[in-house]
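An overview of the molecular structure
Okay, here's what each chain looks like letter by letter:
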Amino acid sequence: MSVRRPLRVLTVSLVLLFAISGSILSLHVTPSSITALPQNLESSRALDTFTHKAGAGIITPHEIVIDLGSPELASTFPVESARMNLVEVLSRDKEVFVTASGVKAPFVDPTGRYLRIFLVSHHDIGAPQTVDLVKRLRTGYLHATHFPPATRFYVSGGPAQGFDLISALKSSAPKIVTLMLVITYFLLLRALRSLLLPFKAIAMDLLSITSACGILVLLFKSGIGSTLLGTYHLPQIEAWVLLFLFALLFGLSMDYELFIVSRMREVKDRGVSNSEAIVEGMAETGGVVSGAALILVAAATGLILGDFAGLQEVGVGLAFGLLIDATIIRGLLLPATMVLLGRWNWWLPTSLARVLKVKASPLGSRETRL
């Protein structure tokens, strides 16, 4: 069907994949989900009771460190007055549940140079309200104080560390991913001796990954199917899970792609038509890819049945990502696109082949589609 009705297969496959991936637009990321612990543990039940009474933020308080610049200043009247004024201002913030400050350890170090103020917010680490509080602390409250001019402020604690982690990932991940995709393209360009197939391979890998992330959002955030699978219902996905899934799914999907298409390339080099190369390549490799995917899906199921939220997210993302990749993407989308590309699949200009030190692949004559 993928060979005989490629345009219809391509359209239906893309609509289905985009529908699954669309939920990624509502994805929210957290540095961790420390409250999503096995509920059968006594410590977990105690933690739930504690957070229910005092607020989820009690586990990861904010910490403000104030460097006065010189020793023995913490006990002076101007500094004490400024500290009390700052604590009063912070206490009026709607997100702050309680503040803790004082004139002795652990709020003042032995030298009298450093002060510490602890804040407990109503929401847990990674929540939008907690992130907004970190921003207000850094850009608002701490700049409107009456401490000595040389005073320096630092916002620390779990929420600030999580905020910095997510910010660092957002700024560095696009550059790293772009570099990885460029390197992958040139490696595939040389391996497959084709100008277009590497683009197609990368695009399909990214579709597989975004579909897996879309499933994560549907299951964990929206709660669709969470009762059936026994997974947590959480507002956010852990950042490390997304990074782990990207690396793992990209590698596995690229392995499947290279395994299938390289076999098609070998068949095509024997002088057969594009359609015959696709059919023979899929026939000889499809079963191996499907079997490998099923084995990994079965292994990932063990993570889904576990009690830790992060591991459940890895299991769901890996299992559904591999299922989608082995069925919709490799079984339908890959052959359909290759039929539609026709002779352009195997084109590698002589000038570029000379640079890559591989055999050129001239553009063949137009073929009649089956």
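Please read all numbers here as calculations on a predicted model, not as lab measurements.

All right, on to the packing of helix α6 (residues 197-221) against helix α10 (residues 309-341) then. Axis separation between α6 and α10 bottoms out at 8 Å; the angle between their running directions is 145°. Crossing of α6 over α10 shows right-handed handedness. Along the lines of polarity and charge, the residues of the contact of α6 with α10 split into 16 nonpolar, six polar and five charged.

Attention now goes to a nonpolar patch on the surface. The grouping of Trp-240, Phe-244, Phe-308 and Leu-311 at the surface amounts to a nonpolar patch, some 380 Å² of accessible area in total. Mapped onto the elements, Phe-308 comes out in the loop between α9 (274-304) and α10. Among the residues examined, Phe-308 registers a relative accessible area of 41% and is labelled partly exposed.

Glancing now at the pattern of salt bridges. Scanning the model with the defined rule gives 16 salt bridges in all. Residue Glu-257 pairs with Lys-200 through a salt bridge whose shortest N-O separation is 2.9 Å. Pair noted here: Glu-257 is in helix α8 (residues 239-268) and Lys-200 is in helix α6, with a separation of 57 residues, a long-range link. Each member of the pair, Glu-257 together with Lys-200, is buried. Put simply, Arg-265 and Asp-269 hold a salt bridge, and the shortest N to O gap is 2.9 Å. For Arg-265, a relative accessible area of 7% translates into the label buried. Three or more residues are tied together by salt bridges with common partners; here these are Lys-200, Asp-205, Glu-257, Asp-325 and Arg-330.

With that out of the way, let us pick up the nonpolar core. Counting 60 residues, the largest nonpolar core has Leu-216, Met-264, Leu-334 and Met-338 as the members making the most contacts within it. Going through the elements one at a time, α1 (6-21), α5 (158-192), α6, α8, α9, α10 and α11 (350-356) are the ones with two or more residues in this core. Among the elements that make up this core, the one with the highest residue count is α10 (14 residues). Among all residues touching Leu-216, those that are not within four sequence positions of it are Lys-221, Ile-237, Val-241, Leu-242, Leu-245, Glu-313, Val-316 and Gly-317. With 21 residues, the next largest nonpolar core counts Val-108, Leu-137, Phe-147 and Ala-160 among its residues.

Along its 15 residues, helix α3 (residues 77-91) runs 21 Å from first to last C-alpha, staying within 8% of the 21 Å computed at 1.5 Å per residue. Within the sequence span of α3, burial applies to Val-79, Glu-80, Ala-82, Arg-83, Leu-86, Val-87 and Leu-90. Down the axis of α3, the buried side of the element spans an arc of 165°, and every buried residue falls inside it. Of the residues in α3, the exposed ones pointing more than 90 degrees away from the buried face are Phe-77 and Pro-78. On its buried face, α3 sits against β2 (62-67), β3 (96-100), β4 (114-121) and α4 (128-139).

Reading the values: rules and limits
Residues numbered from 1 in each chain as written. Predicted model: local features only at pLDDT ≥ 70, side-chain atom pairs only at ≥ 80, totals over all residues. Heavy atoms only, no water. Axes fitted to C-alpha atoms, helices over the stretch in contact; angles between N-to-C directions. Helix = DSSP H or I, 4+ residues; strand = E, 2+ residues; numbered from the N terminus. Left-handed = near helix turned anticlockwise from the far one by under 90°. Nonpolar A, V, L, I, M, F, W, Y, C, P; charged D, E, K, R; others polar. Patch = residues over 30% accessible without salt bridge, like charges linked within 9 Å, V, L, I, M, F, W, Y side chains within 5 Å. Areas by Shrake-Rupley, 256 points an atom, 1.4 Å probe, with all protein chains shown as cover. Salt bridge = Lys/Arg side-chain N within 4 Å of Asp/Glu carboxyl O. Buried < 20%, exposed > 50% of the residue type's maximum accessible area, 1.4 Å probe, protein only. Core = buried A, V, L, I, M, F, W, Y, C linked by side-chain atoms within 4.5 Å. Contact = heavy atoms within 4.5 Å. Expected span 1.5 Å × (residues − 1). Arc of directions from axis to C-beta.

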